[in-house]
Amino acid sequence: MEDHINVAIRVRPLNQREQRSTAATAPTPLPWSIQRDTITQRALADGRTVSGNSYTFDKVFDQRDTTRRVYDDSVKNIIASSMSGFNGTIFAYGQTSSGKTHTMHGSECEPGIIKLAVREIFDTVKNDAAREYLIRVSFLEIYNEVLRDLLEPTKTNLKIHENAKREIFVGDLSEHIVFNADHVEEILQKGDRNRHVAGTNMNERSSRSHTIFRIVIESREKAPDDDVPPSDSEGELVKRQQRLSTGSFADSEEFTGAVMVSCLNLVDLAGSERVGQTGAEGQRLKEGAHINKSLLSLGTVIARLSDDGGDRNHIPYRDS
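Conventions we followed
Residues numbered from 1 in each chain as written. Predicted model: local features only at pLDDT ≥ 70, side-chain atom pairs only at ≥ 80, totals over all residues. Heavy atoms only, no water. Helix = DSSP H or I, 4+ residues; strand = E, 2+ residues; numbered from the N terminus. Buried < 20%, exposed > 50% of the residue type's maximum accessible area, 1.4 Å probe, protein only. Contact = heavy atoms within 4.5 Å. Areas by Shrake-Rupley, 256 points an atom, 1.4 Å probe, with all protein chains shown as cover. Pairing = 2+ DSSP bridges.

A. Quick peek at the overall build of the protein. Helix and strand content of the protein: eight helices and 16 strands. With 320 residues in all, the protein has 35% of them scored as buried. Restricting to contacts in the protein with at least 6 residues of sequence separation, those with at least 24 account for 63%. When the accessible area of the protein is evaluated, it comes to approximately 19400 Å², of which 49% is carbon and sulfur surface.

Have a look at this one:
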């Protein structure tokens, strides 16, 4: 990848509610046009279409592009870098009902970014005869500014810590060793069942929280006698993989391999909301306020990081 940060825009097609709404009124042109990787606003003035501001991004996908196309063009290289020892983050950002969760999690008919990434990871593991791997996952929800473990939902109000190496981690967050893509799918489904969702005027199944699905990838070169016999039980395989993270064999000191560790964060953000559009009240209104506050903080951090000529002495990471 040429840049450390790439920004891609995906324009989703109209959903069923919007199709019913437009079918009952006179057809109007789309309020934007796309030319390659530039999107231009359009408006009606005196019966004619007038072009507004134009914005250029690293990639713009229109409503005909599939999630597979988004993955191949904008995500695949990040997964390859993570398998090579580099940390990576992919997150979907946008207003409520813009298709973020569909893009990240997908459906039975169209797998999302997370499922495609997991398949890519385990295909790489399967085809790499020179290294052995340990893959661990965790699933975290941020709901009304409170951190909760989606895989062990009784663990709530988790705290963020910093260790002596200045590495940030969430205390008491469970991690699970996974062996294949199907195993990860089971874990994702379990976590999704525990996530906060609710209906609003703009979305029948609106995410009311942010989620972070984190994949930790450890690998090292295999020793000459490191091949695991096919007859090994899963329990024995777990023991060998747990020793991988220590960088040495527990039962022998004949080989100590350098372990390469990387983290891949797959983030599905709840969408920004306007009360007038969502009709939120009561608990939904409180959730929307927390969502908008956290997204504003995130936007402030991104703006500070991207401001080459400005004051970058203090970047308010903790606020986000």
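B. Region of the structure containing the pairing of strand 7 (residues 131-143). When you tally the buried positions in strand 7, you get 12 out of 13 residues, the bulk of the element. In terms of strand pairing, strand 7 meets strand 15 (residues 210-221) through 12 bridges, oriented antiparallel. From the neighbouring strand, serine 138 faces strand 15, where its bridge partner is arginine 214. Relative to strand 12 (residues 176-178), strand 7 is paired through three bridges, and the arrangement is antiparallel. Looking at the pairing, isoleucine 135 lines up with valine 178 of strand 12. Bridge analysis of strand 7 against strand 8 (residues 146-149) gives four bridges, and the strand direction is antiparallel. Looking at strand 8, one finds that isoleucine 142 is bridged to leucine 147. Counting the residues between successive antiparallel strands, the hairpin from strand 7 to strand 8 contains two residues, one of them, asparagine 144, with a positive phi of roughly 50°.

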